[in-house]
Amino acid sequence: MSNPLPEPNLPTLQRLNATIPADLDSKGIAKAWFAAFVLSAEAGDAQGVAKLFVEDAFWRDMLALTWDFRTFSGLPKITEFLAHRLASTRPTAFALRDDAYLGLHQPYPDIAWINLFFDFETEAGIAFGIARLIPNANGEWRAHTVYTNLEDLKGFPEKIGPLRNAAPNHGKWVEDRKREAEFADKSPVVLIVGGGQSGLEVAARLKALDVSTLVVEKNQRIGDNWRNRYDALCLHDPVWYDHMPYLPFPPTWPVYTPAVKVRTYRDVWGDMSDSSRLIQLANWLESYAEALELNVWTSSSVISAVQDGDLWKVSIGRGDGSERTFSVRHIVFATGLGSNDGVFPTYPGMDAFKGQILHSNRHKNAADHLGKKVVVVGACTSAHDICVDYFEQGVDVTMYQRGPTYIMSTSNGWKVLMGGVYSEGGLPTEIADRLNASFPHHFNVGLAQRSTKAIAELDKDLLDGLRARGFLLTDGIQGTGFGLLAWSKAGGYYLDTGASQLIADGKIKLKNGSLIEKFTETGLKFEDGSELSADVVVFATG
């Protein structure tokens, strides 16, 4: 695959020509470095701070010093950034956290750094930082990565805990909430387009900061972006990675969240008039919006948004046919990676095909095609999920793979990538999130290359079985596994929860090696002359 990034130089002990003494005083080294760092930073001395860094260092800032999300790579750029920003942001009140995270950390035998967490303030806010120090040949330790994050704005604390609403409300809450959510006599300050998990999380944070916010969601209900997908949909990342602000998932929540928990009220309580599905994640999102009293308009869409000076004039069409126009200061697009109608390739002969053609975003359940012969076009997450559903319901299913796929078993992969961080008994979410954010993406390339190799070794039997079956594999962009694939195109991988073994065993059939030439009346014809009969073709193509 193409190499969009330069190859990173990991700070290995061999490259640094350094060793780790057995009697290393890591806390003493951290405290001495931090004292020098504070002295120069508070004095606005960019050159003084720069002397504490290695030449190929990184500084990643999230709002604290730049009011932006910026990563500065290399000492010249870090020095320039500090020269521009130290004087205007005036960092002060630095305090080193003498906690369990302070000290030597060795992710690999040949890589070691000293972690330190610290708090500080700027002219505008309360901030937090993480530094990682690496050794050099003469035993001196300097910073390789520094991460700074704005935690709070001075004078605008979150209204949580002791600052929550303490006034009793006797019989007025419903009317108050209705008036707040309708914005009958005012415009919101912030308009969020999209009521999925990201939109709701932003709305929750803004509500806690007392910023008037409206979420506009095109679906009929919050959670329909999950509720309306195929029934077999399940998250493949673990629950510890998915917590939402102020209201984390309960400890009884499954590790892998089902988007659709395929049960009905009739299944549980007998014949009742409402037989709608109980949707676990979808209903959680809906209850999250209700519990946190977020202002959401469902069945609504933005018709137009025009900049008018410092404001945006936004027209919103509502489900009842009415239209409202607001003047808002900010618009946030939280429309997700899968907010389109799906990538639906076209081929000659589709109109002559006598079976059914549909996209995965219109597919619901394998039971709809019992007794049929099904071809699923695609070999990433949705394709695997759907193929498993067909197999488990006794449907003859073939996966058509157009190109190589990165495969990682969740049973092995998450232990390597998230063990001790996002895992049972792992770090508190607020620490795990900051640690995760503190690694610059470019630096992460080198670490991801190593973890991808480690996971592949653990998954060797599974991957060998897939190769033997003819399944096309890749190790991702520059050997980084699924990470860069997810960020660059939200596809090209499958985090295996069982489908891969079914393919290796031949229980889910496989076709690849030639492009589709056309549809026939009874199936697909490929450029190499081979044909595949089908009653149903499902495009799981993104």
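Residues numbered from 1 in each chain as written. Predicted model: local features only at pLDDT ≥ 70, side-chain atom pairs only at ≥ 80, totals over all residues. Heavy atoms only, no water.

Focus on helix H10 (residues 381–392)
For H10, spanning 12 residues, the distance from its first C-alpha to its last is 17 Å, which sits close to the expected 16 Å at 1.5 Å a residue. Taking burial as the measure, the 12 residues of H10 include 9 buried ones, the bulk of the element. Residues of H10 that are buried: Ser382, Ala383, His384, Asp385, Ile386, Cys387, Val388, Asp389 and Tyr390. Looking at the buried residues of H10, the elements they touch are strand E18 (373–377), strand E19 (396–400), strand E20 (406–409), strand E21 (493–496), helix H16 (499–504) and strand E26 (536–539). (Helix = DSSP H or I, 4+ residues; strand = E, 2+ residues; numbered from the N terminus. Expected span 1.5 Å × (residues − 1). Buried < 20%, exposed > 50% of the residue type's maximum accessible area, 1.4 Å probe, protein only. Contact = heavy atoms within 4.5 Å.)

Structural notes on the pairing of strand E15 (residues 323–328)
Strand direction decides the pairing type here: strand E14 (residues 311–317) and E15, joined by 6 bridges, are antiparallel. When the bridges of E15 are listed, valine 314 appears paired with phenylalanine 326. Between E14 and E15, which pair antiparallel and follow one another directly, the connecting turn spans 5 residues, one of which, glycine 321, has a positive phi of 95 degrees. (Pairing = 2+ DSSP bridges.)

A short note on the packing of aromatic side chains
Note on aromatic pairs: each is described by the distance of the centres and the angle between the planes. Inspection of the entire model under this criterion finds 34 aromatic pairs. Aromatic pair phenylalanine 37 and phenylalanine 94: ring centres 5.8 Å apart, planes at 85 degrees, arrangement edge-to-face. Pair noted here: phenylalanine 37 is in helix H2 (residues 26–42) and phenylalanine 94 is in strand E3 (residues 92–96), with a separation of 57 residues, a long-range link. When sorted by exposure, phenylalanine 37 lands in the same class as phenylalanine 94, which is buried. Pairing tyrosine 347 with phenylalanine 539 gives two aromatic rings, centres 6.3 Å apart and planes at 15 degrees, and the pair type is stacked. One end of the pair, tyrosine 347, is in the loop between strand E16 (330–333) and strand E17 (356–359); the other, phenylalanine 539, is in strand E26, with 192 residues separating them in the sequence. (Phe/Tyr/Trp six-rings, centres within 6.5 Å; stacked < 30°, edge-to-face > 60°.)

Some thoughts on the side chain of asparagine 512
Here asparagine 512 is to be found in the loop between strand E22 (509–511) and strand E23 (516–519). Within the structure, the side chain of asparagine 512 is placed 3.0 Å from the side chain of glutamine 401, a separation counted as a polar contact. Engagement of the side chain of asparagine 512 in a polar contact is seen with the backbone oxygen of glycine 470, the distance being 2.9 Å. Aside from chain neighbours lying at most four places away, what touches asparagine 512 is Tyr400, Gln401, Gly470, Phe471 and Leu472. (Polar contact = N/O pair within 3.5 Å; in protein donor to acceptor, adjacent residues only side chain to side chain.)

Remarks on the pattern of salt bridges
Here the structure, examined in full by the defined rule, presents 23 salt bridges. Of the charged contacts in the structure, one is a salt bridge between aspartate 56 and arginine 15, with a shortest N-O distance of 3.1 Å. Of this pair, aspartate 56 sits in strand E1 (residues 53–62) while arginine 15 sits in helix H1 (residues 13–16), and the two are 41 residues apart along the sequence. Looking at arginine 15, the relative accessible area reads 39%, which means it is partly exposed. When salt bridges that share partners are traced, they join Arg221, Asp224, Arg227 and Glu286 into one network. (Salt bridge = Lys/Arg side-chain N within 4 Å of Asp/Glu carboxyl O.)

Observations concerning the environment of leucine 52
The topology assignment puts leucine 52 in the loop between helix H3 (46–50) and E1. Among the residues examined, leucine 52 registers a relative accessible area of 15% and is labelled buried.

Regarding the sheet that holds E16
The strand order E12-E9-E8-E16 describes an open sheet built from 4 strands, whose pairing is parallel. Sheet topology places strand E12 (296–297) and E16 at the edges, where each strand pairs with a single neighbour. Summarising the sheet, strand E8 (residues 190–193) and E16 pair through 4 bridges and their orientation is parallel. In the sheet register, valine 190 faces E16, and the bridge partner there is histidine 330. The strands touched by helix H6 (residues 197–208) within the sheet are E8, strand E9 (213–216) and E12, with E8 carrying the most contacts at an inclination of about 165 degrees. (Axes fitted to C-alpha atoms, helices over the stretch in contact; angles between N-to-C directions.)

Notes on the environment of tyrosine 246
By the element assignment, tyrosine 246 lies in the loop between helix H7 (224–227) and strand E10 (261–264). For tyrosine 246, a relative accessible area of 30% corresponds to the partly exposed category. Taking the C-alpha atoms as reference points, tyrosine 246 and leucine 65, 181 residues apart in sequence, are found 26 Å from one another. The residues contacting tyrosine 246, other than those within four sequence positions of it, are Glu158, Ile160, Ala204, Arg205, Ala208 and Leu292. Side chain to side chain, tyrosine 246 and arginine 205 meet in a polar contact 3.3 Å long.

Examining the pairing of E18
Across the 5 residues that make up E18, a large majority, 4, are buried. Each parallel crossover has a hand, and for E18 linked through H10 to E19 it is right-handed. (Right-handed = clockwise from strand over helix to strand, strands pointing away.)

Description of the nonpolar core
Generally speaking, nonpolar side chains in soluble globular proteins are found buried as a group. Of all hydrophobic cores here, the largest spans 51 residues; its most connected members are Val376 and Tyr390. Looking at which element gives the most residues to this core, the answer is helix H9 (residues 280–291), with 6 residues. Excluding residues that lie within four positions of it along the chain, tyrosine 390 makes contacts with His363, Ala366, His369, Val374, Val376, Val395, Val397 and Val538. (Core = buried A, V, L, I, M, F, W, Y, C linked by side-chain atoms within 4.5 Å.)

Some words on the environment of valine 314
Tracing the backbone through its elements, the reader meets valine 314 in strand E14. Residue valine 314 is classed as buried on the basis of its relative accessible area, which comes to 1%. When the C-alpha positions of valine 314 and glycine 481 are compared, they lie 41 Å apart, and in sequence the two are 167 residues distant. Residue contacts for valine 314: discarding those within four places in its chain leaves Leu191, Val302, Ser304, Ala305, Arg324, Thr325, Phe326, Val328 and Ile331.

With respect to the packing of H6 against H9
At a closest axis distance of 11 Å, the pairing of H6 and H9 adopts a crossing angle of 15 degrees. Overall, the two elements H6 and H9 adopt an arrangement that is roughly parallel. Between H6 and H9 lies a crossing whose hand is left-handed. Between H6, through Gln197, Leu200, Glu201 and Ala204, and H9, the contact on the second element is made entirely by Leu285, Tyr288 and Ala289. A per-class count over the contact of H6 with H9 returns 5 nonpolar, 1 polar and 1 charged. (Parallel < 35°, antiparallel > 145°, perpendicular 65-115°, else oblique. Left-handed = near helix turned anticlockwise from the far one by under 90°. Nonpolar A, V, L, I, M, F, W, Y, C, P; charged D, E, K, R; others polar.)

Here's the deal with the packing of helix H11 (residues 410–418) against helix H13 (residues 441–458)
The geometry of H11 relative to H13 is characterised by a closest axis approach of 9 Å and an angle of 150 degrees between their N-to-C directions. Of the possible angle classes, the one that applies to H11 and H13 is roughly antiparallel. The hand of the H11/H13 crossing is right-handed. Side by side, H11 and H13 meet where Asn412, Gly413, Val416 and Leu417 of the first sit next to Ser451, Ala454, Ile455 and Leu458 of the second. Counted by class, the contact of H11 with H13 contains 5 nonpolar, 3 polar and no charged residues.

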